[in-house]
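# Results of the structural survey
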Amino acid sequence: MSVERDGEGRLRVAVENVTLTAARDGDRIASEERSVRVTVPTPALLLHDRVERYEERLNRGVFDGPGFGRRFTARLYAMAWARGYAQYGGGPISNVVANRHVELAANGAALETQRAVFGRADPGGRAGLARGTARVGLTDALAGSGVGGQEWVDYVLGNGDPPSGSIPGHAAAASGGLSPSGTTTVGVNHTADVATYDLLAGGTGERRLDAVLDDAYTVDVRLATDVGTEYSEPESLTEPAGDGWELNDTSERTTYEVADGAASAPAAGDGWHELATYRRVVLETTVAHREWTRENETATTVDRWSTRYRVGLRVVGSHSAGPLVPDRPVAGVHRRGGALGGPNLAGVARRATRTLVTDRGGAETLARRAVTDADVTESASVAGRQPSDLDRWVYRDLTRLRDRVRNVSVTVERGALGTSANPPAELAATLRDRRAEFVDAPDRYDGVADRARVAARAAYVDRTVSRLEQRGDALDETQSEFNDALGSIGGVTGDRLDALLEVHEEVTRPGRHLVSADGGAMAVRVDGAPSYLTLNAVDSDRLSSVSSGATYHPLAARNVNVATVPYGDAADAITGKFVEDTTRVDLRTAARTLRETNRVLAVTDDATLADRRDELREAVRPALASAKAETAAELAAATALGEDEATEATTVGLRRWDSTGARALAMANGSAAGAIADAAAARGDTPGGEVWRDRVRTRLDVATTRATAAQSVRPPEGAVRDTADRLRAVARDRIQAAVEQRLENASERLTKRLTKGRTAVPAGVPVTPVPGYWYATVNAWQVNVSGEYARFTVRTGRDAPTAPGGTVAYSRDGSMVSMDVDGDGDGDRLGRATRVSFEAETTVLVAVPPGKSGVGDVDGQRTEESPGWPEAGTTPTAM
């Protein structure tokens, strides 16, 4: 016998060698053998194939093609990004990705997979998803009220009323929001101020602005010589008359006569030009007195010979400002005039000849030395006089350039900020490509002052590029550490995370449907038990396919947050490269916690929180004092103020803020710089003015940022952590109480302050954690899920071909399958109808702008595991 498919919904059964016998009264009349073929309308095998395909799609990984993995990832990304940005904006979110969100995403992805495979999804599952979405929205609003258990199971599976305290119409953000495949713009921003600071204050191996201006007015000069011999008489030797004389002694005296005369001067050379030329004729005369002896006689002879030299001395100079400044001619370089009407390089030739000629004895002396084979060449640098307002004029031009450079930006993918995108490196490349545009050198400099202005612009652009390159290197280190942290929780690499983002972009690309039905022409009805897979346990009273006394977990989940808060978990390892002691936190975090605690205590009473606030304030005060001292020192260096006057101006400037926390935060975020500069400008002993104030503000802005990052300005972790933990607990309890009372007694001011209090301490990993260079905050969650249907049944619809018995159902519930094959009346075991089960894993990354609360779980729980983890299914009840 053989059974084979005959198109969709039919089986062809062939029985070979069937014997047909005709008999009467028990007597055989005739007999023959034939083959019988019958076509039976039944979709049983087709239903089996569909369920097999559904299970295969449920277990298909993210990178293996369309299926549960991709849909699950897309839904989680949508929720995580919506909630992450809501938390960043101050929303009452302490757990960005919780297992309740994993449950929603898994059920939504399973239903979408059902529609793709069967053409429709389980109606009970759709209803459960709608109820679950609303309930998760309620849970999020109540800050994790703890309502769950059987009440939750009954609600999502369709029995019972919504749990008390629900908010009609409030749903969790399951879609929409900001996408990781979207782009964000990163500008040069604060680096523009740092480059200005470098020019003003200098640093190791860096030239300050005054040095750049000095170089522009500095001329390299040198003295070159050319010595030519006009004639040279041979040395003569005259002997006394007669024979027998012997030379006894010789004395010679050489004299030089120097006079003006024609002579060749050396060429100036490429890039050099003549400043002064001297031509001299040098007559060298030698007189030799020789004493001769013969027996008792003595005789003396005198010989004389001469050499005439023609000597050219030329003083040459180079106006080149170096390889970084475009080489252009300078109008009126040696006469007064130009952009500021200054002296330019007038007088440089005079100073050069004084240095290279006059101060060395003069042209005659040098010419005489030159013919004696002495090296009289010499090099020096001489400076021209600068206009009195040159520095102010150049700095004003630099401020305009700084504003242009500050607004240079690049566009990067949000989701790649934590793993591969490197905005500072891209910005550095952009500035390098546009260097000539920003330097903006004219074809001809309008005097030396104009060239000095361009030299300052070139130095500024190059300094900005250098700083951005340093930030790019620091970002590479941060991303490397972040990738290591990802690998430690789930073997995830940065490349794999980038691939996940690409998959998410493909799944959610506009115009692409998440559901692409391939269920074929036959429509089937899906009936899962349970229809909605819950993380909560389901017992036999709820599911008949669950054995009595056993507990069944349809879904099990685990999610791990990479970095919960800046002073805990993986963030310590990531930022450890940039701070010496990870048991301390940055002043910004401590100050923000102190400020938000003050705000919450202004609207609610809590003795424990007040005590911890006082402890934190005492921890912040010495850090603030250290930052103030560093700032005052910078103010003194940037101005003519003495130490006491600079300290007083710093104190006056900080009085704009009325509390320790507010002043510390102003120092940490740089806003104190302008106030302190204003206080210094208001003093009668400072020049003041717009340019002066900008210079001081810029130096203080960078100095305060650096000062607050110093080790001495990092408060201890314990005081911050203890206060933050209590702050979140108080805010959560007060918000929950207010919601449960229908907000009757809650003012808008109270609610807003409590909400801010819950997310006062930022979470996540700053990119890059270097003061002033915070491009984004990133975080990631490693999510694993396993699921199993206690029973999964599919039935043919009314329009499907069926057997005479009516609707055909195919079910898999884990039970044994048997049939009486041999006709002995007992069922023979054929196998087991294994349950439909699946496993999936993914990683979700969220990136938010810098500052504020960052992004991450701040409820103190890094790893969240559901009761059934690690395997969904039956858990026997302990006896």
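Preceding this section is the structure that the text describes.
As a starting point, this report considers the structure included with it. Everything numeric in this text was worked out from a predicted model, so none of it was measured.

## Some details on the overall build of the chain
When you go through the chain residue by residue, the secondary structure sums to 23 helices and 23 strands. Here the chain, with 879 residues, has 50% of them falling under the buried criterion. Sequence-distant contacts, at least 24 apart, represent 77% of the contacts inside the chain between residues at least 6 apart. Carbon and sulfur atoms form 44% of the exposed surface of the chain, whose accessible area is close to 38900 Å².

## Some points on the sheet that holds strand S11 (residues 524–529)
On the basis of which strands lie adjacent, the open sheet formed by three strands has the order S11-S17-S18 and antiparallel pairing. Every other strand in the sheet has two partners, leaving S11 and strand S18 (809–812) as the edge strands with one partner each. With strand direction ignored, the average angle separating the axes of adjacent strands in the sheet is 15°. With four bridges joining them, strand S17 (residues 791–796) and S18 adopt antiparallel strand pairing. When the sheet's bridge partners are listed, Phe792 is paired in S18 with Arg812. Across the sheet, helix H1 (residues 44–58) is in contact with S11, S17 and S18; its angle to S18 comes to roughly 40°.

## Considerations on unusual backbone geometry
Across the junction of Ala529 and Pro530, the peptide omega takes the value 0°, indicating a cis bond. In this fold, Pro530 is placed in the loop between S11 and strand S12 (538–539). The omega angle of the peptide bond from Trp869 to Pro870 is 15°, so this bond is cis rather than trans. Inspection of the secondary structure puts Pro870 in the loop between strand S22 (863–865) and strand S23 (873–876). Even without a glycine there, the phi angle at Asn189 is positive, about 50°. Take Asn189: it is sitting in the loop between strand S4 (183–187) and helix H6 (190–201). The phi dihedral of Asn344 falls on the positive side, at around 55°, and the residue is not glycine. Examined against the element boundaries, Asn344 turns out to sit in the loop between strand S8 (297–318) and helix H8 (348–356). Accessibility expressed as a relative area gives 3% for Asn344, which makes it buried.

## So, the nonpolar core
Core analysis: the largest hydrophobic core is formed by 130 residues, its most contacted members being Phe68 and Phe72. With residues up to four places along the chain from it excluded, the contact list for Phe72 reads Val102, Ala105, Ala106, Ala109, Val783, Val785 and Thr842. By size, the runner-up hydrophobic cluster in this structure holds 35 residues, among which are Leu616, Val620, Leu665 and Ala666.

## Points about the packing of H1 against helix H3 (residues 99–118)
It is at 10 Å that the axes of H1 and H3 come closest, and there the two elements cross at 140°. Classified by the interaxial angle, the pair formed by H1 and H3 is oblique. In the crossing of H1 with H3, the sense of the turn from one axis to the other is right-handed. Contact residues: H1 offers Arg50, Val51, Arg53, Tyr54, Arg57 and Leu58, while H3 offers Ala110, Thr113, Gln114, Val117 and Phe118. The class makeup of the residues in the contact of H1 with H3 is six nonpolar, two polar and three charged.

## Quick notes on the sheet that holds strand S3 (residues 27–41)
The strand order across the open sheet built from three strands is S1-S2-S3, with neighbouring strands paired in antiparallel fashion. The two strands at the open ends of the sheet, each matched to only one other strand, are strand S1 (2–5) and S3. Adjacent strand axes in the sheet meet at a mean angle of 25°, parallel and antiparallel pairs treated alike.

## Topic: H1
Relative to the 21 Å expected for 15 residues at 1.5 Å per residue, H1 spans 21 Å between its end C-alpha atoms, a close match to the ideal helical length. Turning to H1, its buried residues number three or more, namely Leu46, Leu47, Arg50, Val51, Tyr54, Glu55, Arg57 and Leu58.

## Here we look at the pairing of strand S10 (residues 409–413)
Side-chain alternation along S10 places Val410 and Val412 on a buried face and Ser409, Thr411 and Glu413 on a face that remains uncovered. Pairing between S4 and S10: five bridges, direction antiparallel. Its bridge partner lying in S10, Gly187 is registered against Ser409.

## Here's the deal with H8
What H8 keeps buried is the set Val348, Arg351, Ala352, Thr353 and Leu356. Tucked inside the fold, the buried residues of H8 contact strand S5 (218–232), strand S7 (273–294), S8, helix H9 (363–370) and strand S9 (378–383).

## Description of the pattern of salt bridges
Applying the stated rule across the entire model yields 48 salt bridges. Notably, a salt bridge pairs Asp215 with Arg207, separated by 2.0 Å at the nearest N-O pair. Since its relative accessible area comes to 33%, Asp215 is described here as partly exposed. Judged by its relative accessible area of 39%, Arg207 is partly exposed.

How each quantity is defined
- Residues numbered from 1 in each chain as written.
- Predicted model: local features only at pLDDT ≥ 70, side-chain atom pairs only at ≥ 80, totals over all residues.
- Heavy atoms only, no water.
- Helix = DSSP H or I, 4+ residues; strand = E, 2+ residues; numbered from the N terminus.
- Buried < 20%, exposed > 50% of the residue type's maximum accessible area, 1.4 Å probe, protein only.
- Contact = heavy atoms within 4.5 Å.
- Areas by Shrake-Rupley, 256 points an atom, 1.4 Å probe, with all protein chains shown as cover.
- Pairing = 2+ DSSP bridges.
- Axes fitted to C-alpha atoms, helices over the stretch in contact; angles between N-to-C directions.
- Core = buried A, V, L, I, M, F, W, Y, C linked by side-chain atoms within 4.5 Å.
- Parallel < 35°, antiparallel > 145°, perpendicular 65-115°, else oblique.
- Left-handed = near helix turned anticlockwise from the far one by under 90°.
- Nonpolar A, V, L, I, M, F, W, Y, C, P; charged D, E, K, R; others polar.
- Expected span 1.5 Å × (residues − 1).
- Salt bridge = Lys/Arg side-chain N within 4 Å of Asp/Glu carboxyl O.

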